[in-house]
Amino acid sequence: MDDMYRDYILDHYKNPRNSGDLPGATNTYHDTNPLCGDEITMALLIEDDKVKDVRFKGRGCAISQASASILTEEIKGKSLDEVKAIDRQHVLENLGIPISPARTKCALLGLKTVKGAAWGLSEWPGDANTAGIASGKE
Amino acid sequence: MDDMYRDYILDHYKNPRNSGDLPGATNTYHDTNPLCGDEITMALLIEDDKVKDVRFKGRGCAISQASASILTEEIKGKSLDEVKAIDRQHVLENLGIPISPARTKCALLGLKTVKGAAWGLSEWPGDANTAGIASGKE
Amino acid sequence: MAVSVRAAATPLDVGRIRADFPILSRKVHGKPVAYLDNAATSQKPRQVIDAMSRVFEDHNANIHRGVYEFSETTTAEFEGAREKVARFLNAASAREIVFVRNATEGVNLVAYSWGRDNIKAGDRIVSTVLEHHSNFVPWQQLAKDVGAEIVMIDIDDDGRLRRDQFTAALKGGRVKFVAITYTSNGLGVVLPAKELVAEAKAAGATVLVDAAQAVPHQKVDVRDLGADFLVFSGHKMLAPPGSGAVWAPEATFERMRPFLYGGDMIMKVSVEKTTWNELPWKFEAGTSSYVDAIGLGAAVDYLEAVGMDKIHEHELFLTGYVLPRLEDVPGVTIYGPKTLDDRVGVVSFNVEGVHPHDVAQIFDREGVCVRAGHHCNQLLMAKLDVPATTRASFYLYNTTEECDRLIGAIQAAKKVFGV
Amino acid sequence: MAVSVRAAATPLDVGRIRADFPILSRKVHGKPVAYLDNAATSQKPRQVIDAMSRVFEDHNANIHRGVYEFSETTTAEFEGAREKVARFLNAASAREIVFVRNATEGVNLVAYSWGRDNIKAGDRIVSTVLEHHSNFVPWQQLAKDVGAEIVMIDIDDDGRLRRDQFTAALKGGRVKFVAITYTSNGLGVVLPAKELVAEAKAAGATVLVDAAQAVPHQKVDVRDLGADFLVFSGHKMLAPPGSGAVWAPEATFERMRPFLYGGDMIMKVSVEKTTWNELPWKFEAGTSSYVDAIGLGAAVDYLEAVGMDKIHEHELFLTGYVLPRLEDVPGVTIYGPKTLDDRVGVVSFNVEGVHPHDVAQIFDREGVCVRAGHHCNQLLMAKLDVPATTRASFYLYNTTEECDRLIGAIQAAKKVFGV
Ligand SMILES: Cc1ncc(COP(=O)(O)O)c(C=O)c1O
Ligand SMILES: Cc1ncc(COP(=O)(O)O)c(C=O)c1O
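All of these numbers come straight from a predicted model, not from anything done at the bench.

### Side note on the site of ligand 1
Here comes step 1: Inspection of the region around ligand 1 gives 16 residues, with D:Thr104, D:Asp210, D:Ser233, D:His235 and D:Lys236 positioned closest.
Here comes step 2: In this structure, ligand 1 sits where chains C and D come together, each supplying nearby residues.
Here comes step 3: C:Thr287 has a polar backbone atom sitting 2.8 Å from an oxygen atom of ligand 1.
Here comes step 4: The side chain of D:Lys236 places a nitrogen or oxygen atom 2.6 Å from an oxygen atom of ligand 1.
Here comes step 5: Within the complex, 95% of the 400 Å² of free accessible area of ligand 1 lies under protein.
Here comes step 6: For the shell around ligand 1, a count of residues per class yields 2 nonpolar, 12 polar and 2 charged.

Below, the structure written as structure tokens:
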């Protein structure tokens, strides 16, 4: 718990990196976690199959917003294939705090929107579990 | 239990009184207890508002058949009004053995058919409980 | 309600009550638990836990058809629980009580069994933004299936139902059915259910009252209320999950087709035709959750022994204690009425700068259990224009000390988030 | 089944098993209880009773939405129970397991949710005279509602399904749906379910298997079986009443509309439109019977630890012990197969001159609990041309000594009735 709201988590929450609109974005994906009202819009500028730039806008809990913020830092400059290969395990480890099952969807909403944008989706293809991204039940 | 299968109960079961067809019956009523397969057809010969004669035919458990047999002895010669006034309490007491809730419907099927015949019914009017005859759930 | 709502003290011996609830002596993260999530589900007293174990240890058998002692004893306890529920609600008879898993199944029973036969294309169904999803989605889907229309009634700024809109909706005509909650699980508002029922019935509508948050917290009298259907869940009133009931007058149940088909609800089955069992068993197909129902009977005994009026007064006492203290915390927004009139002990709020999920998570570390989310009230959340709220809800075993810990937990959350 | 059905001894340490069941040391009318009504419901081991009490005493909270320790622990146990059931049935994932109150609700879920959308006027539904009312009446009523036709398959003199009729019915065409039991609760016959499923599917039909009497008594492997739906009840397999499940492949559940609407089964609700939660929660509306489900998880643990093959063998051992002894009693008629092939430990019989209700009543005085009646098998009773039978049914804790007492109780009944 003390473990959960570490300084860097709160810092990412209050001062999200890569926050705001991205004019000229090539890929944009929006998703929500209706059970708690978390929302994230992820915008990527893809050039030569690389993430040239990224911005996100969102509202929600500290975990969902910090997780998205951390993720944007990580993917900037990465190839599309590298981005598509990021898995939930990696995101949870990267967050560096214990995430209980009830908060897993919060922690993974950022990843879901990154994947949605990377794949150029407009809507999520069925069950999030099937897609191996979100997990458990909120 | 020993209490339940008293000699007179078994005697009524094996040698039912007023058993068989009643040619010239004025009122006949048939009913079943579908949950255990008990069946009774009760035939009355009513003259001058009196039960001039009675016969029944049935199959089922000792309790249902003995109870019907005892009842036929009781109603013979009674006025229709007296017959209609017989209540479940009376029948249960008259049987003289402890009847558990699970067997109450068995014990009261005879009364149900007597009432059906006395009132000249062809089908039972709704819920047996409402009619104050059968009780509890089989 | 003839209850003084300004009580400066509780009428309950809370210490004695708490001793009946084993879970209340538990610690969470090293702190004594302060369980303030009673609108979601209640805790269970020893008396209920034991009533259930006793069945399994002493006389368990399937009910209704067994000609042996175990089955007769279990049947008697099960049907005895039904009698207790009937008495508790002042129902005319136990035949008016159909056991279901929960309030949700109760609403669906009415929707499938009564609704499908009675609500037609062009009919209107009146509902409110206060409804729990369980008393809205079944009607929304039925309306979609048959081509009926849903008319929603709004609330005012205090969270009270817009009576003017309700009256206007009924005046608008074609209202076949009204689905209203007795008590809002999101805001703690108690609706003037008896008046609403009378008004709806005068307009020719059939009315279902969702009493999931009412029956556990106040004396509910179905005869006085006058509705056509009433549903509630046992798990919110000291009984196990898996218990609950639909109440309706016998004549109403008689006219309805069954809902679930199968064992125990039949009278006679042939390949061509099946006839139904008597009430209430016509609506109870298959092996009932009879141990849960027996637990509900024990819960009713417990609540009656304590006294529903006193329980209600106690909750208002706690609400009256916590509301001003909550208002004093900078950055806290309270949703719903800030007075004690027509209210139960449900307090929804948000802390500026801290998402409800983070609030609840930090509360957990303090041993304080509250709910964060939409509370199955997404229509209400949309109306309040918030994604979620934090909700504390009281029951007979809560204390002012736990209220103080709630306030303390808010301070802790604010400190973590530097707001 | 690779089980020796001629075992001269049981593979179980029954004494040790019995010590786990508190109720088995009870006396009835001064005699130790011989509980032989397991096809109606089973008794519960200490492990299951305790798993349930522990939730109430230790960490009870409503599941799925609570961001605090109690709720997370209870949710983990509840979803853990689902995982256990999935593993027990060899399901592909826990998302294939929808918790319901009992097998009956499971059949109705399929009838309402799949049936109403897929069975049309003129379609045929194949069923059998062996079906429990719970797997016949829902289809009979659906057929009536939509104008479909029911085709009944008969049994031979030994109680075995008429395979020729089954094949002919499928050849007749237009068979949209097949509702068959895996194991007859009236006769103890085990049907060749896998073959029947394959035949029905080859004919283009969708198949539901009622495994209420199979899952408790034999290893059931849903992947091997290949049906479209399978249902069972927890209370017949050491778990509390109120637990049970429907199994179906994910793709099947995905294509189906929900059954009950309300809290927990929704994703997003607005006045205009509602979207559904993921599997399996899409089919679990309102507060689940989560303590009962946790009890089911504990029961699965218990059964797995003992071993399903051994349990089956033990029951056949008892059946093999009792059948010849029963045949030796003058005036006793046994219904169903008198050999041990494709059979479970259910023995139905009648005593000439004594109605089954009187038999059961006299048994009760001897401490022997059996069922007398139609066993929710009125179609079978009509076929056998008897109003009712007396039925003894075994489980892992029964003994040959109890079988002897059964025979003794028959002698007692004959003595009372002088037959
Ligand atoms: C074969 C069969 N199917 C279905 C059922 C119904 O089970 P439940 O009453 O638990 O729904 C039973 C129980 O007797 C059964 O034996
Ligand atoms: C007002 C109201 N109605 C209905 C329900 C649904 O109750 P259950 O989940 O027990 O079916 C709830 C429970 O949260 C409620 O608060």
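### Digging into the domain arrangement of chain C
Residues and elements named next belong to chain C.
Here comes step 1: Domain boundaries assigned for chain C yield domain 1 (14–32 + 307–417) and domain 2 (49–304).
Here comes step 2: Of note, the centres of domain 1 and domain 2, computed from C-alpha atoms alone, are 28 Å apart.
Here comes step 3: Contacts between domain 1 and domain 2 engage 34 residues on the former and 31 residues on the latter.
Here comes step 4: Interface of domain 1 and domain 2: buried area, both sides summed, is about 2700 Å²; carbon and sulfur atoms make up 58% of it.
Here comes step 5: The salt bridge partner of Lys-383 is Asp-154, with a shortest N-O separation of 3.4 Å.
Here comes step 6: Inspection of the region where domain 1 meets domain 2 yields 20 residue pairs in polar contact (both at pLDDT 80 or more).
Here comes step 7: Counting residues per element, the ones that place at least two in the side of domain 1 that touches domain 2 are helix H11 (308–327), strand E14 (346–351) and helix H13 (378–384).
Here comes step 8: Each residue belonging to the side of domain 1 that touches domain 2 can be placed in one class, and the counts come to 17 nonpolar, 9 polar and 8 charged.

### Observations concerning the interface of chain C and chain D
Here comes step 1: Contacts between chain C and chain D engage 92 residues on the former and 92 residues on the latter.
Here comes step 2: Summing both sides of the interface, chain C and chain D together bury roughly 7400 Å²; the carbon and sulfur share of this comes to 56%.
Here comes step 3: Our enumeration of links across chain C and chain D arrives at 10 salt bridges.
Here comes step 4: Of the charged contacts in the structure, one is a salt bridge between D:Arg101 and C:Glu105, with a shortest N-O distance of 2.7 Å.
Here comes step 5: Where chain C packs against chain D, one counts 40 residue pairs in polar contact (both at pLDDT 80 or more).
Here comes step 6: Counting residues per element, the side of chain C that touches chain D draws most heavily on helix H2 (residues 46–59) of chain C, at 9 residues.
Here comes step 7: Taken together, the residues of the side of chain C that touches chain D sort by class into 41 nonpolar, 31 polar and 20 charged.

### Describing the site of ligand 2
Here comes step 1: Near ligand 2, the surroundings consist of 16 residues, among which C:Thr104, C:Asp210, C:Ser233, C:His235 and C:Lys236 are the closest.
Here comes step 2: Ligand 2 sits at a junction of chains, with neighbouring residues supplied by chains C and D.
Here comes step 3: C:Thr104 places a polar side-chain atom, nitrogen or oxygen, 2.5 Å from an oxygen atom of ligand 2.
Here comes step 4: One nitrogen or oxygen atom from the side chain of C:Gln213 is found 2.6 Å from an oxygen atom belonging to ligand 2.

Basis of the calculations
Counting starts from 1 at the beginning of each chain's written sequence and moves along it residue by residue. Whichever chain is written first is A, and whichever ligand is written first is 1; the rest continue in order. Restriction of local features to residues with pLDDT of at least 70 applies here, the model being predicted, together with a cutoff of 80 or more for giving and counting side-chain atom pairs; totals for whole chains, interfaces and linings are based on all residues. Values reported for side chains reflect all heavy atoms of the structure, with hydrogen atoms and water molecules removed beforehand. The rule for a residue being near a molecule or strand is that one of its heavy atoms must lie within 4 Å of it. Two N or O atoms count as a polar contact when they lie within 3.5 Å, although within protein this holds only if one can serve as hydrogen donor and the other as acceptor, and sequence-adjacent residues are included solely when both atoms are side-chain atoms. Here, Shrake-Rupley sampling with a 1.4 Å probe gives the accessible areas, and only protein chains in the shown set may cover a residue. Under the grouping applied here, Gly and all other residues not named as nonpolar or charged are polar, the nonpolar ones being Ala, Val, Leu, Ile, Met, Phe, Trp, Tyr, Cys and Pro and the charged ones Asp, Glu, Lys and Arg. Domain extents, as shown, originate in an automatic or database domain assignment. In this analysis, two residues are considered to be in contact whenever any of their non-hydrogen atoms come within 4.5 Å of each other. By definition, the buried area sums, over both parts, the 1.4 Å-probe accessible area that each loses when the two are put together. Any Lys or Arg side-chain nitrogen found within 4 Å of a carboxyl oxygen on Asp or Glu counts as a salt bridge. The helix count covers DSSP runs of H or I at least four residues long, the strand count covers runs of E at least two residues long, and both are numbered beginning at the N terminus.

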